[in-house]
Amino acid sequence: MSFATITTEQKQHVISELSTVKADFAARGFFPGTSGNLSMRVGDYSPEQFYFAVTASGKDKSKSTPEDFLFVDQNGKPCEATTLKPSAETVIHNEIYRLTGCGAIFHIHSIFNSLVSELFWEQRAVPVEGVELIKGLNIWEEEAVINIPILSNFTEVPRIVPEIAERIADRIPGILLRKHGIYAWGRDAFEAKRHLEAFEFLFEYVYRWELLKNRK
């Protein structure tokens, strides 16, 4: 498989999906200060070779322009001639795709995901017990208990990558970087968006529940 075999229609579909998600998330304030990034795979997949569209670095995600996304390979290298630079966190997307084979990855910053990442840092995971929105992660046991992994955050982003393989959990479609934000993924854009929304609800619930418990 080579990038040249991917059709224009396939590429347009991916850009259209990402543009819709970007506009939705921007309206919710999920991209403060040009932060956050989105990606979606295109074409066939193997752990050794795959391609995806990813947000370009430093763009105002509240605006829609032809320079919002570019296509890169499994090493994060652009597949086409471009002056755009992929997001600085593209290496994290590379590793998640390599490990999971998922179809889309969405990363956003919010107050609650940052707060709980610090609140539960010593445990290295956010514990959630019996909350209905756990089902939004495709976990259907009654009174399910999950632990959402919290990973170290480094200014030098490649230093984060080794920890992903160590901490990623089979049935949890997301990782949380300490005081940084959530990466959520799924088979396609619809599922990745659902997972991210479920994580954000759970983070707010856990934080507010901790406040209520401490008032007693």
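Here the structure is a predicted model, which means the values were calculated and not measured. (Residues numbered from 1 in each chain as written. Predicted model: local features only at pLDDT ≥ 70, side-chain atom pairs only at ≥ 80, totals over all residues. Heavy atoms only, no water.)

Chemist: Lay out the overall build of the protein chain with the relevant residues and their values.
Modeler: When helices and strands are counted, the protein chain shows five helices and eight strands. The secondary structure elements of the protein chain, listed N-terminal to C-terminal, are α-β-β-β-α-β-α-β-β-α-β-β-α. Here the C-alpha radius of gyration of the protein chain, 17 Å, is about what a compact globule of 216 residues would show, namely 17 Å. A fraction of 65% describes how many contacts in the protein chain between residues 6 or more apart in sequence connect residues 24 or more apart. Distance between charge centres in the protein chain, computed from 24 positive and 29 negative side chains, equals 5 Å. (Helix = DSSP H or I, 4+ residues; strand = E, 2+ residues; numbered from the N terminus. Rg over C-alpha atoms; globule rule 2.2 N^0.38 Å. Contact = heavy atoms within 4.5 Å. Lys, Arg positive; Asp, Glu negative; His and termini not counted. Charge placed at Lys NZ, Arg CZ, Asp CG, Glu CD.)

Chemist: Help me get a handle on the pattern of salt bridges, residues and values and all.
Modeler: Inspection of the entire model under this criterion finds 14 salt bridges. Measuring nitrogen to oxygen at the nearest pair gives 3.0 Å for the salt bridge that ties D24 to R28. Close ionic contact of E210 with K213 constitutes a salt bridge, the shortest N to O distance being 2.9 Å. Here K213 and E210 lie together in helix α5 (residues 189-215), a separation of three residues that amounts to about one turn. (Salt bridge = Lys/Arg side-chain N within 4 Å of Asp/Glu carboxyl O.)

Chemist: So, the pairing of strand β1 (residues 37-46): which residues are in play, and what are the values?
Modeler: Bridge count for β1 against strand β4 (residues 104-108) is four bridges, and the pairing is antiparallel. Note on β4: the bridge partner recorded for L38 is F106. Bridge count between β1 and strand β2 (residues 49-55): five bridges; the pairing is antiparallel. In the strand pairing of β2, S46 is matched with Q49. Between the antiparallel neighbours β1 and β2 lie two residues. (Pairing = 2+ DSSP bridges.)

Chemist: So, the side chain of E163: which residues are in play, and what are the values?
Modeler: Tracing the backbone through its elements, the reader meets E163 in helix α4 (residues 161-167). R167 is the oppositely charged side chain nearest to the buried, salt-bridge-free E163, at an N-O distance of 4.1 Å. In this structure the side chain of E163 is engaged in a polar contact, spanning 3.0 Å, whose partner is the side chain of S152. Sequence-distant contacts of E163, that is, excluding residues within four places in its chain, are made with I150, L151 and S152. (Buried < 20%, exposed > 50% of the residue type's maximum accessible area, 1.4 Å probe, protein only. Polar contact = N/O pair within 3.5 Å; in protein donor to acceptor, adjacent residues only side chain to side chain.)

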